[in-house]
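Per-entry structural report
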Amino acid sequence: MELYLIRHGRQSSRLCNVNVDLSPEGRRQAALLGHRLADWGIEVLYSSSLIRAVQTAEEINRFLRLPHQVCPELGEISFGEMEGLPDEEIAVRFREFKERQAAMTEDLPYPGGECAADVIRRAGPVLERLAESGHERIAVVTHGGVIRTMAAWYLGMPLEKWRLLGKDLENTSITQLKWDRGHRRFTLERFNDYAHLEACPELLRKNWKEG
């Protein structure tokens, strides 16, 4: 079976992991993805419970018209004390932590938040359960930290290295996993596929303008 992990569309705030709506650009991204996925044979749609993931799934589902189930365990990695802060403040207040994190020598939890192993413990069983659900194609709208962490885990990478994957993971990008029932493991078939956005450069992360 195939599992499509989809990063949510662009949100309406740059603050760290705030639970906010999609921006108008995020809705455009999700609509383009929905149009692309319309003939992929996806059977059921899941999302995390955060607003940006739910709204992305709803926008996609205008094209797919599938059962949509919300799963809190698929929420973004907890950034703890950083949540709600701008990047500039994080860089100053958590400078020592960011330096240790950049060294990639240990699976550090965010201050007051989660580490990669925490995400795997809560999200991993959900993805494996979906793989064994009897469906052949499932789409899951989740978050960059979850996608990068789970991909690192399935590839057998040291967990402290998860941030090497997809630094610029695009909004509404597709990461495809294939479940090997015999060996009970996933293989990574595609990562950060955003072909549906390439004709609209203003929707790419590098061109995200304020306001």
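Procedures and definitions
Residues numbered from 1 in each chain as written. Predicted model: local features only at pLDDT ≥ 70, side-chain atom pairs only at ≥ 80, totals over all residues. Heavy atoms only, no water. Axes fitted to C-alpha atoms, helices over the stretch in contact; angles between N-to-C directions. Helix = DSSP H or I, 4+ residues; strand = E, 2+ residues; numbered from the N terminus. Left-handed = near helix turned anticlockwise from the far one by under 90°. Contact = heavy atoms within 4.5 Å. Nonpolar A, V, L, I, M, F, W, Y, C, P; charged D, E, K, R; others polar. Pairing = 2+ DSSP bridges. Expected span 1.5 Å × (residues − 1). Buried < 20%, exposed > 50% of the residue type's maximum accessible area, 1.4 Å probe, protein only. Parallel < 35°, antiparallel > 145°, perpendicular 65-115°, else oblique. Phe/Tyr/Trp six-rings, centres within 6.5 Å; stacked < 30°, edge-to-face > 60°.

Looking at the packing of helix 1 (residues 24-37) against helix 2 (residues 51-64)
Packing of helix 1 against helix 2 brings their axes to within 8 Å, and their N-to-C directions diverge by 35°. Crossing of helix 1 against helix 2: the hand is right-handed. Facing helix 1, whose interface residues are Arg 27, Ala 30, Ala 31, Leu 33, Gly 34, His 35 and Leu 37, helix 2 presents Gln 55, Thr 56, Glu 59, Ile 60, Arg 62, Phe 63 and Leu 64. Partitioning the contact of helix 1 with helix 2 into residue classes produces seven nonpolar, four polar and three charged.

Here's the deal with the sheet that holds strand 1 (residues 2-7)
Read from one edge of the open sheet, six strands run 3-2-4-1-5-6, paired in mixed fashion. Looking along the sheet, the strands with just one partner apiece sit at the ends: strand 3 (68-70) and strand 6 (185-193). Sheet twist, expressed as the mean angle between neighbouring strand axes with direction ignored, is 20°. Relative to strand 4 (residues 137-142), strand 1 runs parallel, the two being bridged by six bridges. Residue pairing across strands places Arg 7 opposite Thr 142, the latter belonging to strand 4. Packed onto the sheet, helix 6 (residues 144-154) meets strand 1, strand 4, strand 5 (174-180) and strand 6 and runs at close to 140° relative to strand 1.

Brief notes about helix 2
Taking 1.5 Å per residue, 14 residues should reach 20 Å; helix 2 reaches 19 Å between its end C-alpha atoms and fits that length. The buried fraction of helix 2 amounts to ten of the 14 residues, a majority that puts the element mostly inside the structure. Among all positions in helix 2, only Arg 52, Ala 53, Val 54, Gln 55, Thr 56, Ala 57, Glu 59, Ile 60, Asn 61 and Leu 64 are buried. Downstream of helix 2 by one or two residues, Arg 65 has phi in the positive range, about 55°.

So, the packing of helix 5 (residues 116-131) against helix 6
Contact pair helix 5 / helix 6: the axes reach a minimum separation of 10 Å and the direction vectors enclose 85°. Between helix 5 and helix 6, the interaxial angle falls into the category roughly perpendicular. Seen from helix 5, the contacting residues are Ala 116, Val 119, Ile 120, Ala 123, Gly 124 and Leu 127; seen from helix 6, they are Val 146, Thr 149, Met 150, Trp 153 and Tyr 154. A per-class count over the contact of helix 5 with helix 6 returns nine nonpolar, two polar and no charged.

Considerations on unusual backbone geometry
Phi is positive for Met 104, close to 55°, though the residue is something other than glycine. Structurally, Met 104 can be placed in the loop between helix 4 (95-103) and helix 5. Met 104 sits in the buried class, given a relative accessible area of 13%.

Considering the packing of aromatic side chains
Throughout the structure, instances matching the rule amount to five aromatic pairs. Considering the side-chain rings of Phe 97 and Tyr 110, the 5.4 Å spacing of their centres and the 50° angle between planes classify their relative orientation as tilted. Of this pair, Phe 97 sits in helix 4 while Tyr 110 is found in the loop between helix 4 and helix 5, placing the two residues 13 residues apart along the sequence. We classify Tyr 110 as buried; its relative accessible area is 5%. Pairing Trp 179 with Phe 186 gives two aromatic rings, centres 4.7 Å apart and planes at 55°, and the pair type is tilted. Through a chain of ring-to-ring contacts, three or more aromatic side chains come together here, namely Phe 79, Phe 97 and Tyr 110.

Take it as geometry only, folks, not as evidence of what the structure does.
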